[in-house]
Amino acid sequence: MVAGATKWASGARYQKITAKDWSEEEEEEKEQVSIYLHTPSARVMLSRQKRNSCLRVTASMTLLGVGLYFGFHALWLSGLESPEAGDVEGIHLHHHEHGVYHQAAVITDSEICSGFAKETLLEGGNAVDAGVVAMLCLGVVHPHSTGIGGVLTAIFHNGTSGATKALNALPTERLKPGFGAPLLLQGLRLLHRKYGGLPWARLPGRPAKLAREGFAVDEILARAVAREAAGGAAGLCPFLCGPGPGQAPKGVGAQVTNEKLATVLEEVVRKMRGDSFPEPLARDLARDLSLDPQSLAETLRHQRAVLSSPLVTELDDFTLAVPPAPSAGEVLIQLVGRARRLGLSWASLANDVNTSSTYRDLLNAAQQVYQKLLGLPGSPRERGGGRRSPDTAPGGSHVLVVDGTGNILAMVGSLNSTFGAKTFSPSTGSFLSDFTGSRDSGLVYWACPGLLRSKAGEDYMVLVSSGGADAPFVSAQAIISVVYLERSASDALAGPRLYLHVGRQGALHKAVSGLKSDSEIFAHLSREVPGLELVNGTAEGVTSTLVESHLGHKRAYAHPQTCAFVDGY
């Protein structure tokens, strides 16, 4: 036999003969090598093979055509069932759980306002357009928390240019004792003039229609009205009170209309050309507050929204951008910086002992930051002034919008405390804030929107916390959990949460939520942090919302979940 590999093809036999085999054959009897040519029977076999192949190809193409027909038919039907003809959800062949989207995500503290923002995006608006509509809407449905009489702070990332900007629309002086200067409209108009896409005149339409036609009181507004009524506040009626001599506060489901606010949005806000407070509104406010119109107009001319570069810090593989003072962005950066020096990692939460020690170290680090930056007792600045009231901005309304072109907007509007100055302005259809502090008096305990972006790739996380002095610490914990403790964004926001409550005299009280009273972690932490309070179910003063983008998907989260509503596509 001749050594070598043998291949078979179309009835022919081939043999590969090596040089060694050839030399050996010279000494041995040559073996006959035959090549079999195609015979008539082979041609018949080939013909059959070709025919069978054609039949198989034809059958495959037929099945493929049928499959494509049913696939496109199903897509067409899903498009017909879509609530909006322009809804881009139909382009995706797979779906995710609520709160996870491909193109854009919106989160606010009102289901109606989140829907308005989504509709604005679907109509071709960008994140700023949708954010303006949502914030004006919140002034209608949550008048206790925000409105045209309030103030605003925001962080915005331009997906086209890559630039990030911070917005502070906060007062430098008050209108009169107990009444803060309104800056929310100036802030929204400035932001839109720089980065909006749709015409400004289109944006107040939906909120104005809602105010005129009426809306149902939701649980968030009902709770605020009930608390205020229990305190004997008279400024709510008749706007948020029922008919009759008793004038009981309106509860969940009760209908509310605000004709005056609708008129202001339609006839005044819609016609704003610059980013100054509208003169017609200034005259109305002067009448409601019994102030000299010229004096009030002069005060409001000096109240300007400021769009500036944010404070930026590097955190390993991430960068963090926050608004500068008078917002509490500097507090947030200092808190995260202290945590960085603690050398935290995933191992910091590996067991109960490590976890309790980590929480103890974070509480102590936060205490040092608050004492140093805010001039609280025990700090070098304690006698030097600069301290702010712990009641500054205990509440606010959140708006987070991420659109399909990479624009990111996070902002908070506020009246400072619930229902602000407790006085309803009949000429404007809104409450005024009691945000009467000066920018020169130090840092403000307030909401601090932040944007955390990965240095490599397009991943990011934008978040907002509001609720007084605890807000920057709560935001810092979410960032620390993601960057150093390697937790998911949803777990980072859910907690457990640590708090530093600031008392009337500036004393700091430490608390924690999200732990069980009989857990080993709480037992260890209680021994290491004397006076620690467990506040499960009672720490709703701080609200946090978050949107992250990872691997082409946008996910929105909130804590507490009952205080936020997510939408997107």
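For the structure, see preceding data.
In this report, the structure presented in the accompanying data block is examined.

**A word on the side chain of Ser 549**
Relative to the helices and strands, Ser 549 resides in strand E23 (residues 543-550). Not counting residues within four places of it along the chain, the set of residues in contact with Ser 549 comprises Glu 458, Asp 459, Tyr 460 and Lys 554.

**A few points about the state of the cysteines**
Within this structure, the stated rule accounts for two disulfides. Covalently, Cys 113 is tied to Cys 137 through a disulfide, its sulfur atoms 2.1 Å apart. Measuring handedness by torsion sign, the sulfur bridge of Cys 113 and Cys 137 sits at about -80° and is left-handed. Of this pair, Cys 113 sits in helix H3 (residues 111-122) while Cys 137 sits in helix H4 (residues 127-141), placing them 24 residues apart in sequence. No difference in accessibility class separates Cys 113 from Cys 137, as the two residues are buried. Across the disulfide from Cys 237 sits Cys 241; the S-S distance is 1.8 Å.

**Side note on helix H8 (residues 259-267)**
If you check which residues of H8 are buried, you get Leu 261, Ala 262, Val 264 and Leu 265. Looking straight down H8, one finds that the buried residues subtend no more than 160° of arc, so they occupy a single side. Of the surrounding secondary structure, the elements contacted by the buried residues of H8 are H4, helix H6 (205-213) and helix H9 (279-288).

**With respect to the sheet that holds strand E21 (residues 508-513)**
Pairing within the open sheet is mixed, and its three strands lie in the order E20-E21-E22. Every interior strand has two partners, whereas the edge strands, strand E20 (497-502) and strand E22 (533-534), have only one. Across two bridges, E21 lies against E22 in parallel orientation. Bridging across to E22, Ala 511 finds its partner in Glu 533.

**Remarks on helix H7 (residues 219-230)**
With 12 residues, H7 should reach 16 Å at 1.5 Å per residue; the first-to-last C-alpha distance of 16 Å fits that figure. Within H7, burial applies to Ile 220, Leu 221, Ala 222, Ala 224, Val 225 and Glu 228. Contacts from the buried residues of H7 go to H4 and strand E9 (215-216). A side-chain oxygen of the first residue of H7 lies 3.3 Å from the backbone nitrogen of Ile 220; this N-cap is Asp 218. A positive backbone phi angle near 85° is found at Gly 232, which sits one or two residues after H7.

**Quick notes on the pairing of strand E18 (residues 450-454)**
For E18, the buried fraction is high: four of the five residues fall into the buried class. Here E18 folds back onto strand E19 (residues 460-466), and the loop between the two strands holds five residues, one of which, Gly 457, carries a positive phi near 95°.

**Considering the packing of aromatic side chains**
The description of an aromatic ring pair uses the distance of the two centres, along with the angle that the planes make with each other. Considering all chains together, one arrives at five aromatic pairs under this definition. Relative to Phe 431, the ring of Phe 419 has its centre 5.1 Å away and its plane inclined at 65°; by these criteria the two rings are edge-to-face. Separated by 12 residues along the polypeptide, Phe 419 in the loop between strand E15 (408-414) and strand E16 (424-425) and Phe 431 in strand E17 (residues 430-431) bring together distant segments of the chain. Overall, the relative accessible area of 0% leaves Phe 419 in the buried class. By relative accessible area, which is 1% here, Phe 431 ends up buried. Grouped by ring-pair contacts, the aromatic residues Phe 239, Phe 419, Phe 424 and Phe 431 constitute a single cluster.

**A few points about the packing of H3 against H4**
Each pair of packed helices can be summarised by the angle the axes make with each other and by the distance between the axes. For the pair H3 and H4, the least separation of the axes is 8 Å and the interaxial angle reads 155°. With respect to H4, the axis of H3 lies roughly antiparallel. Judged by the twist between their axes, the crossing of H3 over H4 is right-handed. Side by side, H3 and H4 meet where Ile 112, Cys 113, Phe 116, Ala 117, Thr 120 and Leu 121 of the first sit next to Ala 127, Asp 129, Ala 130, Val 133, Ala 134, Cys 137, Leu 138 and Val 141 of the second. Of the residues that constitute the contact of H3 with H4, the class distribution is 12 nonpolar, one polar and one charged.

**Notes on the nonpolar core**
One finds Met 135, Val 140, Leu 185, Leu 188, Leu 240 and Met 411 to be the most contacted residues of the largest nonpolar core, which totals 80 residues. With 12 residues, the single largest contributor to this core is H4. Membership of the second largest hydrophobic core comes to 47 residues, among which are Leu 363, Tyr 370, Cys 448 and Met 461.

**A closer look at the pairing of strand E4 (residues 105-108)**
Neither face of E4 is exposed, since Ala 105 and Ile 107 on one face and Val 106 and Thr 108 on the opposite face are all buried. In the sheet, E4 pairs with strand E14 (residues 397-402) via four bridges, with the strands oriented antiparallel. Each residue of the ladder has a partner; that of Val 106, found in E14, is Val 401. Two strands pair when backbone bridges link them, and E4 and strand E25 (residues 565-568) are joined in this way by four bridges, in the antiparallel orientation. When the sheet's bridge partners are listed, Ala 105 is paired in E25 with Gly 568.

**Brief notes about the environment of Cys 241**
Tracing the sequence through the fold places Cys 241 in the loop between H7 and strand E10 (255-256). Using a relative accessible area of 6% as the deciding quantity, one classes Cys 241 as buried. The spatial distance from the C-alpha of Cys 241 to the C-alpha of Gly 251 is 9.0 Å, given a sequence separation of 10 residues. Ignoring any residue separated from it by four or fewer positions in sequence, one finds Cys 241 in contact with Leu 236, Gln 247, Ala 248, Pro 249 and Lys 250.

**Observations regarding unusual backbone geometry**
Here Gly 495 and Pro 496 are connected by a cis peptide whose omega angle stands at 10°. Looking at where Pro 496 falls in the secondary structure, it is placed in the loop between helix H14 (489-494) and E20. The omega torsion across His 559 and Pro 560 is -5°, close enough to zero to call that bond cis. In this fold, Pro 560 is placed in the loop between strand E24 (553-559) and E25.

**Re the sheet that holds strand E11 (residues 306-308)**
Strands sit in the order E11-E6-E5-E15-E14-E4-E25 across an open sheet of seven strands; the sheet is antiparallel. The two strands at the open ends of the sheet, each matched to only one other strand, are E11 and E25. In this sheet, adjacent strand axes meet at a mean angle of 10° when their direction is disregarded. Contacting E4, E14 and E25, H3 runs over the sheet at an angle of about 155° to E4. Each of E4, strand E5 (151-157), E14 and E15 is contacted by H4, which is oriented at about 160° to E14, the strand it contacts most.

Cut-offs and rules
Residues numbered from 1 in each chain as written. Predicted model: local features only at pLDDT ≥ 70, side-chain atom pairs only at ≥ 80, totals over all residues. Heavy atoms only, no water. Helix = DSSP H or I, 4+ residues; strand = E, 2+ residues; numbered from the N terminus. Contact = heavy atoms within 4.5 Å. Disulfide = S-S within 2.5 Å. Buried < 20%, exposed > 50% of the residue type's maximum accessible area, 1.4 Å probe, protein only. Arc of directions from axis to C-beta. Pairing = 2+ DSSP bridges. Expected span 1.5 Å × (residues − 1). Polar contact = N/O pair within 3.5 Å; in protein donor to acceptor, adjacent residues only side chain to side chain. Phe/Tyr/Trp six-rings, centres within 6.5 Å; stacked < 30°, edge-to-face > 60°. Axes fitted to C-alpha atoms, helices over the stretch in contact; angles between N-to-C directions. Parallel < 35°, antiparallel > 145°, perpendicular 65-115°, else oblique. Left-handed = near helix turned anticlockwise from the far one by under 90°. Nonpolar A, V, L, I, M, F, W, Y, C, P; charged D, E, K, R; others polar. Core = buried A, V, L, I, M, F, W, Y, C linked by side-chain atoms within 4.5 Å.

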